[in-house]
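So you can see what is in the structure, the chains are spelled out below.
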Amino acid sequence: MSEISAEQVAHLANLARIALTEEEIEHLTTELGQIMQAVEKVSEVATPDVPPTSHPIPMQNVFRDDVVGDILTVEQALAGAPESDGKRFVVSAILGEEQ
Amino acid sequence: MARAELMDFDEALELFEPVIGLEVHVELNTRTKMFSAAPNPANSEFHGAEPNTLVAPVDLGLPGSLPVVNGEAVRNSISLGLALGCSIAESCRFARKNYFYPDLAKNYQISQYDEPIAFEGSVEVELENGRVFQVPIERAHMEEDAGKLTHVGGSTGRIHGAEYSLVDYNRAGVPLVEIVTKPIFGGEADAPALARAYVSTIRDIVISLGISEARMERGNLRCDANVSLRRRGAEKLGTRTETKNVNSFRSIERAVRHEIQRQAAILAKGGTITQETRHWHEDTGTTSPGRPKSDADDYRYFPEPDLLPVVPSNELIEELRAALPEPPAARRRRLKSEWGFTDLEFQGVVNAGLLVEVTATVAAGASPAAARKWWTGELTRIANARGEDPAALAEPALVAELAALVDEGVLTDRLARQVLEGVIAGEGSPREIVDARGLAVVSDDGALVAAIDEALASQPDVLAKIRDGKVQAAGAVIGAVMKAMHGKADAARVRELVLERAAGADADADADA
Amino acid sequence: MSEHLIRLTAAELGERLASGDVSSVEATRAHLDRIAAVDGAVHAFLHVDGERALETAADVDRRRAAGEALGPLAGVPIAIKDVLVTEGMPSTAGSRILEGWVPPYDATPVRKVREAGMIPLGKTNMDEFAMGSSTEHSAYGPTYNPWDLERIPGGSGGGSAAAVASFEAPVALGSDTGGSIRQPAHVTGTVGVKPTYGAVSRYGSIALASSLDQVGPVTRTVLDAALLQDVIAGHDPHDSTSIPDAWPSMAEAVRRADVAGLRIGVVKQLDSDGFQAGVRSRFHEALELLERNGAEIVEVSAPHFEYSIAAYYLILPAEASSNLAKFDSVRFGLRVTPEGGGTVEQVMGATREAGFGPEVKRRIILGTYALSAGYYDAYYGSAQKVRTLVQRDFDAAFAEVDVLATPTAPTTAFKLGEKLDDPLAMYLNDVATIPANLAGVPGISVPAGLAPEDGLPVGIQFLAPAREDARLYNVGGALERLLVEQWGGPLLDRAPDLSSHEMAAAEEGVV
């Protein structure tokens, strides 16, 4: 099940927005193959009759009242930003020229 | 960009059956956001706040921050689900939809995936021509809105060619309910009108529930239209396109019609439709290709581990069901009879998507006839000229006030139209505008001219200045005339007449009036 | 004087502070002096805020002098794992991508610690985003085990454990996703507790795997851990998964510790040849000691525990890949622009490439894979089912016994670099600690002695049913008392004197 190709790793890196180098992709391809082989063990016991568990402590209906609470000031909001215009966050263009 | 080839609409209908699907996003008007206690800009009280002033840590995706569900938003979503005739899930969950985009603070959207809060419903929709459709609802689910991007640089202010973008996260986390229809068959030539009427009906429903401001121009209600064509006689459905963010009633109808014609032209030539999102351009009335559907749409949904299942009790569901307002179709039947409208009159209001506005205007004190006249008349005329929805132009309460001024004899219809322009321009309430502009019923040019001539005669230096091109000198004359008329003259008209009289019969008409 | 102050437990120091014997400023200064003296060799801290610590201490002293009623840990210094956000103090989670980021808010456990009058000294080192078992994956260099500076202090919370073990702080906060509190406790001869999932708020804890993460105490004694858990536990409306129940006093459980009649289950599957001989022998000796004092030792089976690591290394990377998506160069943290500029997508890609270390990238890619279309059911979905099976194993075991016991980790501290290139070997460190995170149950690691073969510390782990954290404090407190009596003093008394290592470390260029 877990034959992972370099192309797949490159695709995953793109989904995860990490500009991996060719060398990293190659290295990760091998490692991921090994790790996936180890973790595939879960399928041995994960039979259809077993329900999945998402939360270790089952609870439900945890809601907040619709009441305004503490918020950040615009200065606090922007304080950590790599770039801002004093009101908003600045990012470079979203689409490349070719698009 | 080459303009897409279009097939004649009737011809397209002969060859193909249009199948539409609609996704409507409703911004709820709760006081706080879906997952944070920050004020909700989709609530009128907080609308228009300065950028990034309505944000809690979770709205910025700050490390360590956690979402907590707004219980009121859940109640509203259940109410909406019930109003759409849906079943309410015994238990449902939130899920993360993972994709990177700078307006998405966490780079995942908290949404619902395989377990929506409401599913399998149906909405009665009535068309202009009286046809009634049952639009099948697939699901309604809760999610959060994204922030807002402003593209800077480049000529169009659009994403293409922009040099950089600015991000405001005020809208991030605004509670949304996404309502998804099943494929709608049988619309045929009415498909575009059906799309419009459906969205209009959704708007009526959320307004009657009081759960959204539902102002399309503010993005409180947004529509994505899926369109595909099926060749006559074929079993198989065609490939669909999804036209994004079509945000006025007019545009919805136009966009669906445009896609039918565009796709038909391609298919008739033996071409294929690309499954893609398309962008609607209000100015040209066309769509252009966006991103093709691809592997990049691998959203890697998984149950949101920071949130717990929502398990609405039967008591809650029944409490909300009991509090549901009258369904739109029943309500329309009642209003028509209460207002004493003819079929034609009432249908005109409904078809224009103005039922909500007329209702609100009547509620604010106007007669049904006057409310109908203003909304379907002057306001619609101005809106059409501007390519906007009439509802975006004026608050119903102000229209009611205007109608009252006419009823009181303070304004003639002609002056009232001028006052309305002031209202649309944001100059204030009709009464304020009447005062500020000095608009009143004395509009008899003869009386005004007499007063002007008298004033000019008594101020010969003013006359000379105006003839020298110093038109601002006219102010002294206008003031005298307004005084003589006890303020009940249309100052703009007086100014016009002063300049005319001063310039003489052969003067240029380009005087700065 | 100051040497004496740093050797006090938090409980003792709290009493001395209450009696007016010692001021918080004195205690804080003593620990800051100790940090200045030994942290060059240990590198437990990423950030020390001495000035603010002394101000806070002076304020507590003033309040005490004014007669204000203060809690048992008021005025006691504390170190905070860098995974917890702290207003006004940099919070990096050990990652380059958050270098210099100063959060605008406090994590709930940090807020509670401040409200209890405790004195935050600074932020402790950790594996980047808590991914690791050795603290070697910190972007800011490793932490060194105070018992042997060539060895790892465990991870991910190696900084907190080393800070406490080297007397730089009496207590610390940690976080435990698969053993990050308990395994460092095991290799440093300290006490670490992972409370029941939801007992301590996760608000402000930079998320690794949301359904596994839990904040907890890192201390030198079981009583100190209990006192700290009493401070940080409790319902928090900012964390939806926070348990609303009221908690009994853990400190009370330690003070009344008594194992007579206690049924202790030994998990058969975690008592195997896979564990270092000295780890096993100390484990069994501890059990025998408990048995001699009235506990009943029973063997239990947990047949699905062997699937835990596999399930964990699917669930963790999946959740982490999503949790770490927020580090994108837009709102906070690092921004790297490719040469000649680039689109926002390219800037994000370059930033994440430069800002994340190899282990983080490995797990993000792994998690992205496990969640991607067509693989979800086989991987993430199956792992969630294993979670159910592990929970059932616990349920069955706890129907028989009051607590479970296992060695905390398979080996004593290994050498720096030894497992760095073998992720699978590194992952095996967590074999005994992971089941508790999958099931949400609480666990404690208590020093059990030194392994005869290498003279390095060994821990014993106890596990209790969810919400029964007090049972851990009971059995842990009882064992600690018996062992300290047997040893004639705390285990850490036998740790090497760090001041002699200071020069050597400096010469090796470690400082």
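For the structure, see preceding data.
Small disclaimer: the values here were computed from a predicted structure and weren't measured.

Draft legend 1. Region of interest: the interface of chain B and chain A. Counting from both sides, the interface comprises 40 residues of chain B and, opposite them, 31 residues of chain A. At the level of elements, strand 2 (69-70), helix 2 (71-83) and strand 9 (164-168) of chain B are the ones that each hand at least two residues to the side of chain B that touches chain A. Looking at which element gives the most residues to the side of chain B that touches chain A, the answer is strand 9 of chain B, with five residues. Here the residues of the side of chain B that touches chain A are counted per class, giving 25 nonpolar, eight polar and seven charged. When strand 1 (residues 63-64) of chain A meets strand 2 of chain B, the two strands line up parallel, connected through two bridges.

Draft legend 2. Focus on the interface of chain C and chain A. Contact with chain C, which involves 58 residues of that partner, is made by 45 residues of chain A. Sorting the residues of the side of chain C that touches chain A by element identifies helix 11 (308-323), helix 12 (344-355), helix 13 (358-371), helix 14 (377-400) and helix 15 (423-427) of chain C as the ones contributing at least two each. Counting residues per element, the side of chain C that touches chain A draws most heavily on helix 14 of chain C, at 11 residues. Broken down by class, the residue content of the side of chain C that touches chain A amounts to 29 nonpolar, 19 polar and 10 charged.

Draft legend 3. Examining the nonpolar core more closely. Formed by 333 residues in total, the largest nonpolar core has its most connected members in Ile78 and Leu314 of chain C. Looking at which element gives the most residues to this core, the answer is helix 3 (residues 191-209) of chain B, with 12 residues. Beyond its immediate sequence surroundings of up to four residues, Ile78 of chain C is in contact with Val113, Met118, Ile119, Pro120, Leu121, Ala169, Val171, Ala172 and Leu173 of chain C. Listed in part, the 16 residues of the second largest apolar core include Leu448, Ile478, Ala480 and Ala502 of chain B.

Draft legend 4. Representation of the environment of Ala257 of chain C in the model. Residue and element names in this part refer to chain C. The residue Ala257 is located in the loop between helix 9 (250-255) and strand 7 (263-267) in this model. For the pair Ala257 and Ile97, spaced 160 residues apart in sequence, the C-alpha separation works out to 45 Å. Not counting residues within four places of it along the chain, the set of residues in contact with Ala257 comprises Asn474, Gly477, Ala478 and Arg481.

Draft legend 5. Structural detail: the sheet that holds strand 8 (residues 148-152) of chain B. Spatial strand order, 2(A)-9(B)-8(B): three strands in an open sheet with antiparallel pairing. The open sheet has two free edges, formed respectively by strand 2 (89-92) of chain A together with strand 8 of chain B, since each of these has just one partner strand. Between one strand and the next, the sheet's axes are offset by a mean angle of 30°, whatever the strand orientation. Where strand 2 of chain A meets strand 9 of chain B, four bridges bridge the pair, whose relative direction is antiparallel. By the bridge assignment, Val90 of chain A is partnered in strand 9 of chain B with Leu166 of chain B.

Draft legend 6. Spotlight on unusual backbone geometry. Cis geometry is found at the peptide bond from Gly155 of chain C to Ser156 of chain C, where omega equals 5°. With respect to the helices and strands, the residue Ser156 of chain C is situated in the loop between strand 3 (119-124) and helix 6 (158-165). Positioned with a positive phi, Asn52 of chain B is a non-glycine residue whose angle comes to about 55°. Within the secondary structure, Asn52 of chain B sits in the loop between strand 1 (16-27) and strand 2. Using a count of 28 C-beta atoms within 10 Å as the deciding quantity, one classes Asn52 of chain B as buried. Although it is not a glycine, Arg300 of chain B sits at a positive phi angle of roughly 45°.

Draft legend 7. Focus on the sheet that holds strand 2 (residues 77-81) of chain C. Residue and element names in this part refer to chain C. As summarised here, the arrangement of the 11 strands in space is 1-3-2-4-6-5-10-11-9-7-8, forming an open sheet in which the pairing is mixed. The two strands at the open ends of the sheet, each matched to only one other strand, are strand 1 (45-48) and strand 8 (296-300). This sheet shows a mean twist of 30° between the axes of neighbouring strands, independent of strand direction. In the sheet, strand 1 pairs with strand 3 via three bridges, with the strands oriented antiparallel. Its bridge partner being in strand 3, Val48 is matched across the sheet by Gly122. The strands touched by helix 8 (residues 222-232) within the sheet are strand 4 (171-176), strand 5 (191-194), strand 6 (214-219) and strand 10 (443-450), with strand 6 carrying the most contacts at an inclination of about 145°.

Thresholds, definitions, all that
- Residues numbered from 1 in each chain as written.
- Chains lettered and ligands numbered in written order.
- Predicted model: local features only at pLDDT ≥ 70, side-chain atom pairs only at ≥ 80, totals over all residues.
- Contact = placed C-beta atoms within 7 Å.
- Helix = DSSP H or I, 4+ residues; strand = E, 2+ residues; numbered from the N terminus.
- Nonpolar A, V, L, I, M, F, W, Y, C, P; charged D, E, K, R; others polar.
- Pairing = 2+ DSSP bridges.
- Core = buried A, V, L, I, M, F, W, Y, C linked by C-beta atoms within 7 Å.
- Buried ≥ 20, exposed ≤ 12 C-beta atoms within 10 Å, placed from the backbone.
- Axes fitted to C-alpha atoms, helices over the stretch in contact; angles between N-to-C directions.

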